[in-house]
Amino acid sequence: MKIRIWRITRLCTLSTLPALAFSVLIAMSAHQAQAQEAGDHQYTSEAVEAGSQVYTQQCALCHGPQGALVDGINLSIGQFRTVQSDTDLRQVIGEGAGEGRMPAFSLRAEELNGVIAFIRAGFDPEGEAVKIGDPIRGKTLFEGEGQCADCHRVRGVGPRTAPDLSNIGAIRTPASLQRNILDPATALLPINRPVRLVTRNEETIVGRRLNEDTYTVQIIDSQERLRSLKKTDLVSYEISDEPSKQPTTMSSDEVADVIGYLLTLRGLE
Ligand code: HEC
Ligand code: HEC
């Protein structure tokens with residue numbers, strides 16, 4: 001027993017640590033490059049701040065300071081009746097809603113942009129406001145050009161090697177979805193990391209870690225099989241720090257569309 005543990009520990013130290021240090025370096029440089037590009041996927045902080053004033057003057061009377069006074073709508077957490085994308089928001093503000101219960105506003109372009117930014121920042125004047133595009137275009141991109149469906153499963157369709165995204169809109173914020181698309185290295189969740197295991201029977205298993213406790217590790221292997229392995233049966237266990245995918249090459253509008261689509265994925269409806 002002692003020897004086995006020692007072997008695992010030794011193998012981890014020798015083979016994983018240099019690899020970890022190395023991939024952290026890669027992750028950092030990739031992160032810096034991406035951080036600069038994230039700019040036009042987002043509303044500027046000036047827009048968010050300007051929008052907070054427009055909101056107070058024009059909208060708070062009915063929607064309330066926290067955005068939750070109109071029945072069934074909570075603007076600060078993105079709960080609407082019909083609105084999904086930023087284009088929809090623009091249209092509702094410009095045309096009014098509820099058969100005249102909400103009047104049409106003719107705001108200047110900066111005011112309109114600002115109030116949408118403020119809503120998307122979750123009513124936090126210092127918040128990060130991610131642009132949200134059209135879910136229908138987003139779905140097409142997800143399944144086509146964006147190549148997301150090559151790895152991800154949605155509502156029973158697609159492979160199991162990457163996390164199932166059927167409920168992702170309910171469990172992640174727009175900012176975290178955006179980070180995952182633009183900069184997978186920094187968005188990588190510890191539990192999702194790619195692993196490479198070698199068993200005492202000399203089988204090498206490559207896959208994605210789903211769960212782990214002191215004695216066992218559960219993974220999805222590259223053939224999409226769920227496997228549970230005892231750590232005492234392993235001679236080596238390597239966890240990679242590198243994500244299994246590259247940052248997307250889609251434009252900022254396309255990324256906004258894909259985020260719009262992901263936000264509609266809230267369980268099986
Ligand atoms: C006079 C009251 C009033 C004002 C002022 C007002 N609203 Fe509304 N708003 C409403 C009502 C009522 C509804 C619900 C309409 C319905 O029944 O669908 C609504 C709905 C909305 C919706 C959800 C629409 C949908 O179908 O999902 C958004 C977004 C919204 N308002 C944003 C704003 C913004 C931004 C402002 C300020 C520029 C604003 N509202 C000003 C009364 C108001
Ligand atoms: C080469 C396979 C691959 C491709 C292509 C890919 N992903 Fe992923 N994705 C993964 C893997 C593996 C993970 C889990 C590792 C991680 O946490 O980053 C993941 C994680 C995610 C997560 C986080 C899941 C969570 O639980 O938080 C989101 C969101 C996501 N991907 C969306 C996308 C979108 C959108 C695209 C297309 C633009 C895409 N992915 C393309 C493999 C892929």
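The structure reproduced in this document is the subject of the present report. This structure is a prediction, so every number in the text was calculated from the model and none was measured.

Reading guide: rules and limits
- Residues numbered from 1 in each chain as written.
- Chains lettered and ligands numbered in written order.
- Predicted model: local features only at pLDDT ≥ 70, side-chain atom pairs only at ≥ 80, totals over all residues.
- Heavy atoms only, no water.
- Helix = DSSP H or I, 4+ residues; strand = E, 2+ residues; numbered from the N terminus.
- Polar contact = N/O pair within 3.5 Å; in protein donor to acceptor, adjacent residues only side chain to side chain.
- Contact = heavy atoms within 4.5 Å.
- Salt bridge = Lys/Arg side-chain N within 4 Å of Asp/Glu carboxyl O.
- Buried < 20%, exposed > 50% of the residue type's maximum accessible area, 1.4 Å probe, protein only.
- Arc of directions from axis to C-beta.
- Donors = N, O, S within 2.8 Å, 3.2 Å for Na, K, Ca; no water.
- Tetrahedral: all angles 85-135°; square planar, octahedral: opposite > 155°, others 65-115°.
- Near = heavy atom within 4 Å.

1. Some details on the side chain of Asn-192
1) Next: Summarising the element assignment, Asn-192 is placed in the loop between α8 (184–187) and β1 (194–199).
2) Next: Of the polar contacts made by the side chain of Asn-192, one reaches the side chain of Arg-208; its length is 2.9 Å.
3) Next: Setting aside residues no more than four positions away along its own chain, Asn-192 makes contact with Pro-163, Arg-208 and Arg-209.

2. Remarks on the pattern of salt bridges
1) Next: The tally for this structure, following the rule as stated, stands at 13 salt bridges.
2) Next: Between Glu-111 and Arg-108 there is a salt bridge; the shortest N-O distance is 3.3 Å.
3) Next: Judged by relative accessible area, Glu-111 falls into the partly exposed class, the value being 21%.
4) Next: In this structure, the salt-bridge partner of Asp-221 is Arg-227, at a minimum N-O distance of 3.6 Å. We note that Asp-221, like Arg-227, is buried.

3. Details of helix α5 (residues 135–143)
1) Next: Among the residues of α5, those classed as buried are Pro-135, Gly-138, Leu-141 and Phe-142. The buried residues of α5 occupy one face: seen down the axis, they fall within an arc of 115°. For α5, the exposed residues lying more than 90 degrees away from the buried face are Ile-136 and Thr-140.
2) Next: On the buried face of α5, the contacting elements are α9 (252–263).

4. A few points about the coordination of the iron atom of ligand 1
1) Next: Within the protein, the atoms that donate to the iron atom of ligand 1 are His-63 (NE2) and Met-102 (SD), at distances of 2.0 to 2.2 Å.
2) Next: Each of the six donor atoms bound to the iron atom of ligand 1 contributes to angles spanning 84 to 179°, and the resulting shape is octahedral. Here Met-102 lies in the loop between α3 (86–95) and α4 (109–120) and His-63 lies in helix α2 (residues 45–63), a separation of 39 residues in the sequence.

5. What to know about the coordination of the iron atom of ligand 2
Four donors placed tetrahedrally about a metal ideally form angles of 109.5 degrees, and six donors placed octahedrally ideally form angles of 90 or 180 degrees.
1) Next: Here the iron atom of ligand 2 is held by His-152 (NE2) and Lys-245 (NZ), and the distances to it run 1.9 to 2.0 Å.
2) Next: Angles of 76 to 180° at the metal separate the six donor atoms of the iron atom of ligand 2, which places the site in the octahedral class. You can see His-152 sitting in the loop between α5 and α6 (168–171) and its partner Lys-245 sitting in the loop between β5 (234–239) and α9, a full 93 residues away along the chain.

6. Details of the site of ligand 1
1) Next: The immediate surroundings of ligand 1 are formed by 21 residues, with Cys-59, Cys-62, His-63, Arg-81 and Met-102 found nearest.
2) Next: Side-chain polar atom of Thr-82 to an oxygen atom of ligand 1: 2.5 Å apart, as the coordinates give it.
3) Next: One nitrogen or oxygen atom from the side chain of Arg-101 is found 2.5 Å from an oxygen atom belonging to ligand 1.
4) Next: Looking at the shell around ligand 1, the elements with two or more residues in it are α2 and α3.
5) Next: Per element, the largest residue contribution to the shell around ligand 1 is four residues, and it comes from α2.

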